[in-house]
Amino acid sequence: MGVMVRFCTRYWSVLIPLLAAVVLAGFWGRSLNGVGIALVSVALVGAVLAAVYHAELIAHRVGEPFGSLILAVAVTIIEVGLIVTLMLSSGDKAASLARDTVFAAVMITCNGIFGLSLLVGALRRRVAVFNAEGTGAALATVATLATLSLVLPTFTTSEPGPVFSASQLIFAAVASLVLYGVFVMVQTVRHPDDFLPVEGGAEGDVVLDDDEHEERPTGKQALRSLGLLLVALVGVVGLAKLVSPSIESGVESAGLPHSAVGVVIAMLVLLPETIAAVRAARRDRVQIGLNLALGSAMASIGLTIPAVALASVWIEGPLMLGLGATQMVLLALTVVVGALTVVPGRATLLQGCVHLVLFSGFVFLAVSP
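Counting restarts for each chain, with residues numbered from 1 along the sequence as it is written. Thresholds applied to this predicted model are a pLDDT of at least 70 for local features of residues and 80 or more for the giving and counting of side-chain atom pairs; totals over whole chains, interfaces and linings are not thresholded and use all residues. Side-chain descriptors were evaluated using all non-hydrogen atoms of the structure, hydrogens and water having been removed beforehand.

A word on the overall build of the protein
Thought 1: Working definition: helices are DSSP H or I runs of at least four residues, strands are E runs of at least two. Numbering for both runs from the N terminus. Of regular secondary structure, the protein possesses 13 helices and four strands.
Thought 2: Counting all 369 residues of the protein, 50% fall into the buried class.
Thought 3: We call two residues in contact whenever any of their non-hydrogen atoms come within 4.5 Å of each other. At a minimum sequence separation of 6, the contacts of the protein that also span at least 24 residues come to 82%.
Thought 4: Here the protein displays about 17100 Å² of accessible surface, and carbon together with sulfur accounts for 67% of that area. Relative accessibility thresholds used throughout: buried, under 20% of the residue-type maximum; exposed, over 50%; partly exposed, between the two (1.4 Å probe, protein chains only). Areas reported here follow the Shrake-Rupley algorithm with a probe of radius 1.4 Å; residue values treat only the protein chains shown as occluding.

Structure below.
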């Protein structure tokens, strides 16, 4: 028994993603009873923890900002696959699915994860220090992508309702891909130092070499972790999909609007980034948390909109992308507050709490519109 416990403790990061995949395969396409829901929920939590572990190991091997980019893009690609699959199978019910999911992801990342990173960093060092140049560029990109893809459809007149015409949708998809691609090039090739953690000092902020005192994993270990990360992320999204009917039933039983379901599912899918961001902030690497937050928001828009534009060829009915008035107010306030937070390059408890209150407002209005 003791040998088995030691074996599981040592190899948990390998066993849990595989077990999550087994649970996903075993319950896929079946309705869950109480025992099934409990088992899927436990597997989901384990897959999230394993995904964070392997993402941090890969980040340590490749360094920043590549590590944050890998986790954000991996989660988003799988999330996009889930959205497109649901849209293709749900028919008219999926008209606003992409909009609601992308908006929820933006609010969770730009207020929830962003605010938590600042709050944890400020609690640890009184002042959370980050790179204003890189963070400001990321926020500007997120604001532009969100406006082009989610705000403009409400005001265009070529088609009735908050929808794009075919040519407008193609333009938004191409613009999203181009802008996201240019940002990735700037982040990883042209100006990577703008996205590295910094430390405040008497002579100004100093760029840090993240975890330079620790031994880097080998290439073989990093490749193994990359494979297990993908397995864990597939498990996270797939298991979240399995429990979504139970979440829907609970939401309906409580008399809540259907939009609350998207918020809960988005929170589950974004758990790996949230935990990784908080752990980075606890290590005085607030910039990594902000990279994860804004990178995930950017990838959610920049990859989802082109994907749903392509999927719209096979989807019957309108594709509603335009936000409502309440959502646009929250988005505008998020951009303005984010800009004021980013400009100084340092934040206190106040800025972290402001973003978290904005996030709480989003969740409250999703439950009680």
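So, the packing of helix 10 (residues 271-282) against helix 11 (residues 286-311)
Thought 1: Axis separation between helix 10 and helix 11 bottoms out at 6 Å; the angle between their running directions is 160 degrees. One element, helix 10, and the other, helix 11, form an angle in the roughly antiparallel class. In terms of crossing hand, the pair formed by helix 10 and helix 11 is left-handed. Contacts from E273, A276, A277, A280 and A281 in helix 10 reach V286, I288, G289, L292 and S296 in helix 11.
Thought 2: Class assignment of the residues belonging to the contact of helix 10 with helix 11 gives a composition of seven nonpolar, two polar and one charged. Fitted lines through C-alpha atoms serve as axes, helices being fitted only where they are in contact, and the angles separating the N-to-C directions of these axes extend from 0 to 180 degrees. Put simply, angles under 35 degrees are roughly parallel, angles over 145 are roughly antiparallel, angles from 65 to 115 are roughly perpendicular, and the rest are oblique. The sense of a crossing depends on the near helix, which, turned anticlockwise from the far helix by less than a right angle, makes the crossing left-handed and, turned clockwise, makes it right-handed. Gly falls in the polar group here, along with every residue not listed as nonpolar (Ala, Val, Leu, Ile, Met, Phe, Trp, Tyr, Cys, Pro) or charged (Asp, Glu, Lys, Arg).

A short note on the pattern of salt bridges
Thought 1: We count a salt bridge whenever a side-chain nitrogen from Lys or Arg sits within 4 Å of a carboxyl oxygen from Asp or Glu. Taken as a whole and judged by the stated rule, the model has three salt bridges.
Thought 2: The salt bridge partner of D100 is R99, with a shortest N-O separation of 3.1 Å.
Thought 3: Of the charged contacts in the structure, one is a salt bridge between D284 and R125, with a shortest N-O distance of 3.0 Å. Here D284 is found in the loop between helix 10 and helix 11, whereas its partner R125 is found in helix 5 (residues 97-125), with 159 residues between them in sequence.
Thought 4: Overlapping salt bridges bring together R124, R125 and D284 as one network.

Comments concerning helix 7 (residues 166-190)
Thought 1: In this model helix 7 runs 34 Å from its N-terminal to its C-terminal C-alpha over 25 residues, within 8% of the 36 Å that 1.5 Å per residue would give.
Thought 2: Here helix 7 has its buried residues at L169, A172, A173, A175, S176, Y180, F183, V184, Q187 and T188. For a helix, the expected span equals 1.5 Å multiplied by the number of residues minus one.

Quick look at unusual backbone geometry
Thought 1: In the Ramachandran plot, R126 falls in the positive-phi region, its phi being about 70 degrees despite a non-glycine side chain.
Thought 2: For R126, the location among the structural elements is in the loop between helix 5 and strand 1 (128-129).
Thought 3: Residues other than glycine seldom take positive phi values, yet D284 does so here, at roughly 65 degrees.

As for the environment of S225
Thought 1: Looking at the secondary structure, you find S225 in helix 8 (residues 219-253).
Thought 2: When sequence neighbours within four positions are dropped, the list of residues in contact with S225 reads H54, L57 and I58.

With respect to the confidence of the model for the protein
Thought 1: Confidence of the predictor at the level of single residues is given by pLDDT, which spans 0 to 100. Mean pLDDT for the protein: 81, with 85% of residues reaching 70 or above.
Thought 2: Least confident of the elements in the protein is helix 1 (residues 2-10), whose mean pLDDT is 50; most confident is helix 12 (residues 325-342), at 95.

Some thoughts on the packing of aromatic side chains
Thought 1: Stacked, edge-to-face and tilted labels apply to pairs of Phe, Tyr and Trp rings (six-membered ring for Trp) whose centres lie within 6.5 Å, assigned for plane angles under 30 degrees, over 60, and everything in between, in that order. In total, this model carries three aromatic pairs according to the counting rule given.
Thought 2: Ring geometry for F183 and F195: centres 5.5 Å apart, planes at 85 degrees, overall edge-to-face. Here F183, found in helix 7, pairs with F195, found in the loop between helix 7 and strand 2 (198-199); they are twelve residues apart in sequence, far enough to count as distant. Across the pair, exposure class does not vary: F183 and F195 are buried alike.
Thought 3: Note on F359 and F362: the rings are 6.5 Å apart at their centroids and 40 degrees apart in plane angle, and the pair reads as tilted. On the criterion of helical spacing, the pair formed by F359 and F362 is a turn pair, its members being three residues apart in helix 13 (residues 349-367).

Considering the packing of helix 5 against helix 6 (residues 132-151)
Thought 1: For the pair helix 5 and helix 6, interaxial distance at closest approach is 12 Å and the crossing angle is 160 degrees. With respect to each other, helix 5 and helix 6 are oriented roughly antiparallel. Judged by the sense of rotation from one axis to the other, the crossing of helix 5 with helix 6 is left-handed. Taken together, the residues of helix 6 that come into contact with helix 5 (itself represented by R99, V102, F103, C110 and F114) are T135, V142 and L150.
Thought 2: Among the residues making up the contact of helix 5 with helix 6, the classes are represented as six nonpolar, one polar and one charged.

Remarks on the nonpolar core
Thought 1: Definition used in this section: a nonpolar core is a set of buried Ala, Val, Leu, Ile, Met, Phe, Trp, Tyr and Cys residues joined via side-chain atoms within 4.5 Å. In terms of nonpolar packing, the biggest core is built from 65 residues, with L118 and F362 touching the most fellow members.
Thought 2: At 14 residues, helix 11 tops the list of elements feeding residues into this core.
Thought 3: In this structure L118 touches A128, F130, V286, L290, T341, A347, Q351, G352 and H355, once residues within four positions along its chain are discounted.
Thought 4: Ranked by size, the runner-up nonpolar core spans 27 residues in total, among them V23, V40, A232 and L242.

What about a nonpolar patch on the surface?
Thought 1: Patch membership requires more than 30% relative accessible area and the absence of a salt bridge. Residues of like charge join within 9 Å; the nonpolar side chains Val, Leu, Ile, Met, Phe, Trp and Tyr join within 5 Å. A cluster of nonpolar side chains, namely I170, V174, V178, V182, M185 and V189, defines an oily patch on the protein surface of about 540 Å² accessible area.
Thought 2: For M185, a relative accessible area of 42% puts it in the partly exposed group.

A closer look at the side chain of T188
Thought 1: For T188, the position within the fold is in helix 7.
Thought 2: Exposure remark for T188: the relative accessible area of 15% places this residue in the buried category.
Thought 3: In contact with T188, other than residues within four places in its own chain, are F66 and L69.

What to know about the environment of T156
Thought 1: Its location among the elements puts T156 in the loop between helix 6 and helix 7.
Thought 2: A C-alpha to C-alpha distance of 9.4 Å links T156 and G322, two positions 166 residues apart in sequence.
Thought 3: In this view, T156 contacts V163, F164 and Q168; residues no more than four positions away in its chain are not counted.
Thought 4: N or O atoms within 3.5 Å of each other form a polar contact, as long as, within protein, one can give a hydrogen and the other can take it, and as long as residues adjacent in sequence are counted only when both atoms are side-chain atoms. In this structure the side chain of T156 is engaged in a polar contact, spanning 3.3 Å, whose partner is the backbone oxygen of P153.
Thought 5: Within polar-contact distance, the side chain of T156 engages the backbone oxygen of V163 at 3.5 Å.

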